[in-house]
Amino acid sequence: MKKILVTGGTGYIGSHTTIELLQRGYNVVIIDNLSNSRKSTVERIERITGKKITFYAIDLLDRDALRNVFQSHRFAAVIHFAAAKVLADSITNPLFYYRNNVEGTINLLHIMGEKGVENLVFSSTAAIYAASEISPLSEKAICCPDTPYGRTKYMCEQIIEDTHQSPQRLNGVILRYFNPIGAHPSGLIGEDAVINSDNLLPYVSAAAVGKIPYVKVYGNDYDTIDGTGVRDFIHVVDLAQGHLVALEKLLNDSGVYHYNLGCGRGYSVLQVIKAFEKASGKIINYKISGRRPGDLGTVFSDIKKIEQEYGWHPQYDIDDMCRHAYTWEKNRSLV
Ligand SMILES: NC(=O)c1ccc[n+]([C@@H]2O[C@H](COP(=O)([O-])OP(=O)(O)OC[C@H]3O[C@@H](n4cnc5c(N)ncnc54)[C@H](O)[C@@H]3O)[C@@H](O)[C@H]2O)c1
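Within each chain, residue numbers correspond to sequence positions counted from 1 in written order. Only residues with pLDDT of at least 70 get local features here, since the model is predicted, and only at 80 or more are side-chain atom pairs given and counted; chain-wide, interface and lining totals rely on the full set of residues. Calculation of side-chain values draws on the structure's entire complement of heavy atoms; hydrogens and water are dropped beforehand.

Draft legend 1. Structural context of the overall build of the protein chain. Under the scheme used here, helices are H or I runs from DSSP no shorter than 4 residues and strands are E runs no shorter than 2 residues, and both carry numbers assigned from the N terminus. Scanning the protein chain for helices and strands turns up 11 helices and 14 strands. Summarising its shape, the C-alpha atoms of the protein chain cover approximately 55 × 45 × 40 Å along the three principal directions. Exposed residues in this analysis have more than 50% of their type's maximum accessible area, buried residues have under 20%, and partly exposed residues fall in between, with area computed by a 1.4 Å probe over protein chains only. Classification of the 335 residues of the protein chain by burial places 55% in the buried group. It only takes one pair of heavy atoms within 4.5 Å for two residues to be counted as in contact. Restricting the contact set of the protein chain to residue pairs at least 6 apart, pairs at least 24 apart contribute 80%.

Put into structure tokens, the structure is as follows:
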């Protein structure tokens with residue numbers, strides 16, 4: 001079977017995607033510097049799938065180590081997740097973000113070019129869309145990211161497009177994620193970050209199991225159903241399956257394509273908290289605080305393009321997302 005390199009494969013989305021790849025019969029090699037994930041994820045993926053993974057603890061910035069991996073394996077494609085992702089952190093440490101995300105991607109593309117690997121699926125983000133664009137956001141919305149993190153992703157998109165136009169003829173599918181949440185239904189893997197993100201769900205999960213006293217809700221005076229911010233949440237397994245579909249199209253195609261991956265509708269922060277209460281049977285305390293600078297009232301995706309062109313549709317709803325996230329939260333200290 002074809003061999004796929006997954007960068008950042010012990011991370012949240014990379015680990016769920018690796019499961020889908022293995023279950024589909026692909027061989028998977030993971031590289032990850034473990035800056036935001038744990039080596040034990042490899043064994044847990046192997047437990048879920050009954051398949052073996054080759055894992056290298058290397059950094060994308062280490063070109064020689066990366067080249068050695070490409071010398072030892074012949075890859076049909078690369079799925080590139082490895083990046084630093086915390087928006088607020090990127091404002092404090094922009095140079096780290098540009099180096100890690102942009103230089104890391106350049107190293108990867110460079111070595112793919114040297115070794116004749118032509119196919120790339122790339123993790124991008126809804127954070128590249130201009131704040132002035134009105135939801136639902138289609139892929140045609142204007143891109144004008146307003147954080148260093150978003151800019152690193154937009155730069156990588158442009159680098160991929162330019163590399164397609166060059167003699168290297170790189171082919172790419174660029175997937176712009178909205179807000180992945182939830183966990184694998186097995187309860188054996190889920191979000192297990194080393195570095196705290198700004199995302200809502202880790203806080204809601206932590207409040208449900210009593211690790212924190214309450215969830216901070218930033219703003220309840222937006223023009224939305226209950227005043228709290230509305231976002232597009234997608235189950236991480238649906239997201240992972242989107243990568244599989246993208247990969248399989250890419251292996252039979254050439255070009256660079258962009259797709260949103262979301263659920264195509266919005267849920268307010270309070271709706272998510274209520275759904276989590278229903279899934280967990282726990283009361284989740286929250287406190288309203290002021291709006292966070294830069295946050296928007298409503299952001300959700302238009303996913304017609306990927307639905308029509310790839311036949312991909314999200315399978316899970318918000319109740320599934322919360323139920324699986326809660327199971328994982330209870331299990332994570334045990335597995
Ligand atoms: N989770 C989200 O909300 C979200 C939303 C939009 C886009 N994305 C993008 O999706 C991708 C995966 O996100 P995630 O949520 O799984 O994050 P994650 O932090 O769980 O996974 C990323 C993995 O990459 C590794 N990594 C980082 N820099 C590396 C480097 N230089 N060399 C090798 N490994 C490195 C980390 O150790 C981690 O395991 C990222 O590119 C992220 O920007 C995530």
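Draft legend 2. Structural detail: the sheet that holds strand S14 (residues 298-299). We treat two strands as partners when DSSP finds at least two bridges between them. Pairing is mixed in the open sheet, where 3 strands are placed in the order S12-S9-S14. The open sheet terminates on both sides in strands that have one partner only, identified here as strand S12 (267-268) and S14.

Draft legend 3. Highlighting the site of the ligand. Looking at the ligand, there are 28 residues lining it, with Asp32, Ser37, Phe81, Tyr149 and Lys153 nearest. The side chain of Asp59 places a nitrogen or oxygen atom 3.1 Å from a nitrogen atom of the ligand. Within the side chain of Tyr149, one N or O atom sits 2.6 Å away from an oxygen atom of the ligand. Elements that contribute at least two residues to the shell around the ligand include exactly helix H1 (12-23), strand S5 (119-125) and helix H6 (148-165). Counting residues per element, the shell around the ligand draws most heavily on S5, at 3 residues. Put simply, a residue is near a molecule or strand once any heavy atom of it comes within 4 Å of that molecule or strand. Here a polar contact is recorded for every N or O atom pair within 3.5 Å, except that within protein the pair must consist of a potential hydrogen donor and a potential acceptor, and residues adjacent in sequence are included only if both atoms are side-chain atoms.

Draft legend 4. Seen up close, the sheet that holds strand S2 (residues 27-31). Spatial strand order, S3-S2-S1-S4-S5-S6-S11: 7 strands in an open sheet with parallel pairing. Looking at the sheet topology across the chains shown, the edges are occupied by strand S3 (54-56) and strand S11 (256-261). Strand-to-strand twist in this sheet, taken as the mean axis angle between neighbours without regard to direction, amounts to 20°. Examined bridge by bridge, strand S1 (residues 3-7) and S2 share 5 bridges and lie parallel to one another. Among the inter-strand pairings, Val6 is bridged to a residue of S2, identified as Ile30. Axis definition: a line fit to C-alpha positions, over the contact stretch in the case of helices; interaxial angles, taken between N-to-C directions, run 0 to 180 degrees.

Draft legend 5. Molecular detail of the side chain of Asn260. Along the chain, Asn260 falls in strand S11. Polar contacts involving the side chain of Asn260 include one to the main-chain carbonyl oxygen of Leu137, which spans 2.8 Å. At 3.1 Å, the side chain of Asn260 forms a polar contact with the backbone oxygen of Asp302. Excluding residues within four positions of it along the chain, Asn260 makes contact with Tyr129, Leu137, Ser138, Glu139, Arg176, Phe178, Ser301, Asp302, Ile303 and Ile306.

Draft legend 6. A look at the domain arrangement of the protein chain. When its domains are assigned, the protein chain resolves into domain 1 (3-181 + 233-261) and domain 2 (200-231 + 265-300 + 316-331). The interface of domain 1 with domain 2 comprises 13 residues on the first partner and 16 residues on the second. In short, buried area is how much 1.4 Å probe accessible area vanishes from two parts on joining, totalled over both. For the domain 1 and domain 2 pair, buried surface summed over both sides reaches about 1300 Å², with 70% attributable to carbon and sulfur atoms. The largest contributions to the domain 1 side of the interface with domain 2 come from Ile181, Phe233 and His235, which together make up 50% of the buried area. The working definition used for a salt bridge is a side-chain nitrogen of Lys or Arg within 4 Å of a carboxyl oxygen of Asp or Glu. Here domain 1 is connected to domain 2 by 0 salt bridges. Here domain 1 and domain 2 share 5 residue pairs in polar contact (both at pLDDT 80 or more) between them. Those elements giving two or more residues to the side of domain 1 that touches domain 2 turn out to be strand S7 (179-181), strand S10 (233-235) and helix H8 (236-250). Residue type decides the class: Asp, Glu, Lys and Arg count as charged, Ala, Val, Leu, Ile, Met, Phe, Trp, Tyr, Cys and Pro as nonpolar, and the leftover types, Gly among them, as polar. Partitioning the side of domain 1 that touches domain 2 into residue classes produces 8 nonpolar, 3 polar and 2 charged. Segmentation into domains, and thus their bounds, comes from an automatic or database assignment.

Draft legend 7. Representation of the side chain of Thr152 in the model. With respect to the helices and strands, Thr152 occurs in helix H6. When neighbours within four sequence positions are excluded, Thr152 is seen to be in contact with Tyr97, Tyr98, Asn101 and Val102.

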